[in-house]
Structure formats: structure tokens, C-alpha cells
Amino acid sequence: MPEMRRAPNPKVPNPRVIVTRELAEAVMVRMEQLFDTTNNRGDTPMSQAQLAAAMSDCDVFVPTVTDDINASLISGAGERLRLIANYGAGVNHIDLKAARARGIIVTNTPGVLTEDTADMTMALILSVPRRLAEGEKLVRSGQWKGWSPGGMLGHRIGGKALGIIGMGRIGRAVAARARAFGLTIHYHNRHRLPASVEAEFAATWHETLDSLLAIADILTIHTPRNAESENMIDARRIGLMKPDAFLINAARGGIVDEDALIDALEAGRLGGAGLDVWKHEPEIDPRLLALPNVVMLPHMGSATYEGRLAMGEKVIANIRMWADGHRPPDQVLEGWV
């Protein structure tokens with residue numbers, strides 16, 4: 001299909017809006033007040049057929065990370081669909097190229113989840129080396145026999161090298177927290193940060209990812225999932241890491257090759273892992289479930305009341321700006337023409 005180039009957006013006084021999942025009550029009420037909105041108050045994920053039906057009958061479509069908005073869905077969407085206002089910062093579940101070809105604007109909700117995700121990442125950085133999840137399970141099992149000199153020994157994090165893949169908003173927020181715990185900061189970006197930013201975090205840049213992996217005692221990932229980052233941490237790169245290093249991923253499943261990670265953990269070639277995201281959510285490889293040195297969370301890095309409300313406010317602001325005939329503030333511009 002040839003690429004469509006549309007004129008500046010006309011005003012849409014009362015846009016028809018369909019939301020795929022149940023949002024915070026205050027957000028849903030406000031959307032219903034402002035727009036002709038259908039909310040999914042039952043919160044049952046939509047099937048592909050239901051997504052297709054919704055996209056054929058709205059001006060604005062509001063999906064979440066659980067929805068696979070692929071090229072087929074977008075190409076079959078109704079002509080009135082002009083805005084996909086994603087509820088979330090990541091847009092790897094939306095085919096941006098297909099949206100561009102149809103002249104559909106895509107927006108997201110950046111920035112509002114930075115502190116929440118950084119908090120959760122720091123919790124994992126603490127939990128995995130100190131074996132907090134194992135200790136909690138031991139107490140609940142009734143098998144704990146009391147304190148002993150060699151009981152539940154873990155590793156201190158002070159003085160260790162934290163490797164950060166992606167020093168954007170979240171990566172920097174993690175660095176700020178980590179410095180307070182005595183970690184030294186190392187990072188890899190495609191482009192080096194200004195000297196003033198490096199000085200703020202006493203951060204050392206590694207031009208290559210391989211160099212960062214070799215020195216990191218704890219590795220944390222804060223990069224989007226895309227074609228370039230898919231399986232970025234594969235068997236070869238895991239092999240570059242220290243055998244007692246810890247890997248933390250609160251970014252997106254699929255950036256880490258789970259089979260390679262499991263092999264390394266089972267063989268004792270890594271100290272442990274803290275995971276909040278999974279390649280095939282909500283399915284989790286049973287081999288990971290069996291490993292005691294893996295802290296596993298149900299994709300809850302952004303799960304705060306404050307964060308969810310802020311996300312909803314971003315969605316509403318994007319829709320209102322678009323409906324008034326203006327460019328939305330959070331338009332996803334990558335690849336846009």
C-alpha cells in the first residue's frame with residue numbers, strides 16, 4: 001500500500017474512542033466525560049477479532065502493551081481511525097511502519113513511569129545478590145531453623161560495578177539510586193553522554209556493549225525492544241559476563257535470550273537474575289521457575305496508582321490535542337515522514 005500523506009489534522013469535536021483494557025476509574029470517567037468513549041470495564045483482553053472490530057469503528061484507539069497491533073490489523077482498520085493513543089511508553093507491540101503507511105498518528109506516555117521503574121529496578125538489584133526472595137520463601141515454608149553464621153549468605157552491592165545498558169531517563173534514575181548504595185556506574189549508549197552528565201553520576205562510558213559486559217558485577221537493561229535489541233543479550237554476550245554477575249531486566253522481554261540465560265544459570269555461569277518482564281508473557285519458562293537464584297515479578301515495574309493515573313492523563317492530553325486539530329505532545333516520531 002502506498003504511503004499516505006495527510007493534511008494537518010482537522011478538528012474532531014467528539015471523537016469516538018475505544019479502550020482495550022480497564023484503566024484507573026478516574027481516567028475512565030474522565031474519558032467518558034470528554035469523548036464518545038467505550039471502556040473495557042471487564043478488563044478481559046481483546047482477541048484479534050475484537051481488536052479488528054474495534055479499530056473499524058473508532059477515531060481513536062487506545063491499546064496497551066498486551067495488544068498486538070500488527071500490520072494486518074492496521075491495514076484493515078476503518079478510514080476514520082486517525083490516532084492510536086497507546087497507554088504505555090513502549091510501542092514495540094505496534095507496527096509503526098504500517099501506521100505511517102495509513103497516515104495514522106501513534107502516541108505514547110513517556111516520562112511518567114521513570115521513577116517507578118527505577119525504584120523496581122533498584123529493588124531487584126538489592127534482592128538478587130542478597131537472596132531476599134529465597135529468604136522470604138524459606139520463612140514461609142516453615143523450614144527456617146534460626147540464624148547461623150553461614151545461613152543465607154549473599155553478596156553486598158557496595159563497591160560493585162553496575163553496568164547500565166541505555167542511559168536514558170530510566171537509566172539515569174537507576175544510576176542516581178545506585179550511587180547512594182555505593183555502586184560505581186558504567187554505561188553503554190549508542191552515543192556518549194555529555195561530560196556534565198557523566199560527572200553527575202561519576203559514570204564511565206563503554207563504547208561497546210561487550211566491554212561493558214566484561215566489567216559489570218550487576219547488569220541492568222533500560223533500552224527499548226526493537227529489531228536491533230531483540231535477543232541482544234544472547235549466549236555469546238552472556239559468556240562475556242563474570243560467572244558471579246547478576247542480570248536485571250525490567251525493560252522488555254525478548255531483549256534477553258531466555259534459553260541462553262537459563263543455560264547459563266543452570267550451569268552456574270551467572271550468579272543470578274532479577275526479571276520483571278518475559279518474552280512470552282504471561283507464560284514463563286518452567287525452567288526459570290525452578291531456579292532459586294532468579295527473582296521473578298509479574299511485569300509490575302510501573303504498577304503504582306500514581307503512575308497509572310499519570311499515564312491516563314497523558315493519553316487524554318494526546319487525544320484532546322489531536323481532537324483540537326493540533327499535533328499531540330507525545331507523538332512517536334521514529335520513522336515518521
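How each quantity is defined
- Residues numbered from 1 in each chain as written.
- Predicted model: local features only at pLDDT ≥ 70, side-chain atom pairs only at ≥ 80, totals over all residues.
- Heavy atoms only, no water.
- Helix = DSSP H or I, 4+ residues; strand = E, 2+ residues; numbered from the N terminus.
- Rg over C-alpha atoms; globule rule 2.2 N^0.38 Å.
- Buried < 20%, exposed > 50% of the residue type's maximum accessible area, 1.4 Å probe, protein only.
- Contact = heavy atoms within 4.5 Å.
- Areas by Shrake-Rupley, 256 points an atom, 1.4 Å probe, with all protein chains shown as cover.
- Axes fitted to C-alpha atoms, helices over the stretch in contact; angles between N-to-C directions.
- Parallel < 35°, antiparallel > 145°, perpendicular 65-115°, else oblique.
- Left-handed = near helix turned anticlockwise from the far one by under 90°.
- Nonpolar A, V, L, I, M, F, W, Y, C, P; charged D, E, K, R; others polar.
- UniProt positions renumbered as here; feature names shortened; annotations may be inferred.
- 1 Å grid on protein atoms, 1.4 Å probe; cavity = no way out; pocket = protein on both sides within 12 Å on 5 of 7 lines; lining within 4 Å.
- Points joined across faces, edges and corners; volume = space filled by probe spheres on them.
- Core = buried A, V, L, I, M, F, W, Y, C linked by side-chain atoms within 4.5 Å.

Participant: Pulling in residues and values, what's your account of the overall build of the protein chain?
Facilitator: When its secondary structure is counted, the protein chain shows 13 helices and twelve strands. A globule of 337 residues ought to have a C-alpha radius of gyration of about 20 Å, and the protein chain, at 22 Å, matches this closely. Scored against the burial criterion, the 337 residues of the protein chain give a buried share of 48%. For the protein chain, restricting intrachain contacts to residue pairs at least 6 apart in sequence, the fraction spanning at least 24 positions comes to 62%. Element-wise, carbon and sulfur atoms account for 54% of the exposed surface of the protein chain, whose accessible area totals about 16,200 Å².

Participant: Any chance you could break down the packing of helix α5 (residues 114-130) against helix α7 (residues 169-180) for me, citing the residues and the numbers?
Facilitator: Taken N-terminus to C-terminus, the directions of α5 and α7 make an angle of 50°; their axes are 9 Å apart at the nearest point. Taken as axis vectors, α5 and α7 run oblique relative to one another. The handedness of the crossing between α5 and α7 comes out as right-handed. Between α5 and α7, the residues in contact are Thr114, Glu115, Thr117, Ala118, Asp119, Thr121, Met122 and Ile125 and Arg169, Ile170, Ala173, Val174, Arg177 and Ala178, respectively. Residue composition of the contact of α5 with α7, by class: seven nonpolar, three polar and four charged.

Participant: Give me the lowdown on the UniProt feature "domain: D-isomer specific 2-hydroxyacid dehydrogenase catalytic" (unreviewed entry) in the protein chain, citing residues and values where you can.
Facilitator: In the numbering adopted here, UniProt assigns the feature "domain: D-isomer specific 2-hydroxyacid dehydrogenase catalytic" (unreviewed entry) to residues 18-332. Counting secondary structure, residues 18-332 comes out at 38% helix and 13% strand; the distance between its end C-alpha atoms is 20 Å.

Participant: Explain empty space enclosed by the protein to me, and be specific about the residues and the numbers.
Facilitator: Going through the model one piece at a time under the given rule, you end up with one cavity of 30 Å³ or more. Taken as a whole, the largest cavity holds about 50 Å³ of empty space. Every residue along the wall of the largest cavity is listed here: Asn249, Gly253, Gly254, Val256, Glu258, Leu261, Leu275, Val277 and Trp278. Taken together, the residues of the lining of the largest cavity sort by class into five nonpolar, three polar and one charged.

Participant: Explain the nonpolar core to me, and be specific about the residues and the numbers.
Facilitator: Counting 28 residues, the largest nonpolar core has Leu219 and Ile233 as the members making the most contacts within it. Elements supplying a minimum of two residues to this core: α9 (209-215), β9 (218-221), α11 (258-266) and β11 (272-275). Here this core takes five residues from α11, the largest share from any one element. Ignoring anything within four residues of it in the chain, the contact list for Ile233 reads Ile165, Leu209, Leu213, Leu219, Ile221, Ile238, Leu247, Ile255, Val256 and Asp257. Counting 26 residues, the second-largest nonpolar core is a separate cluster that includes Leu124, Leu162, Ile164 and Ala173.

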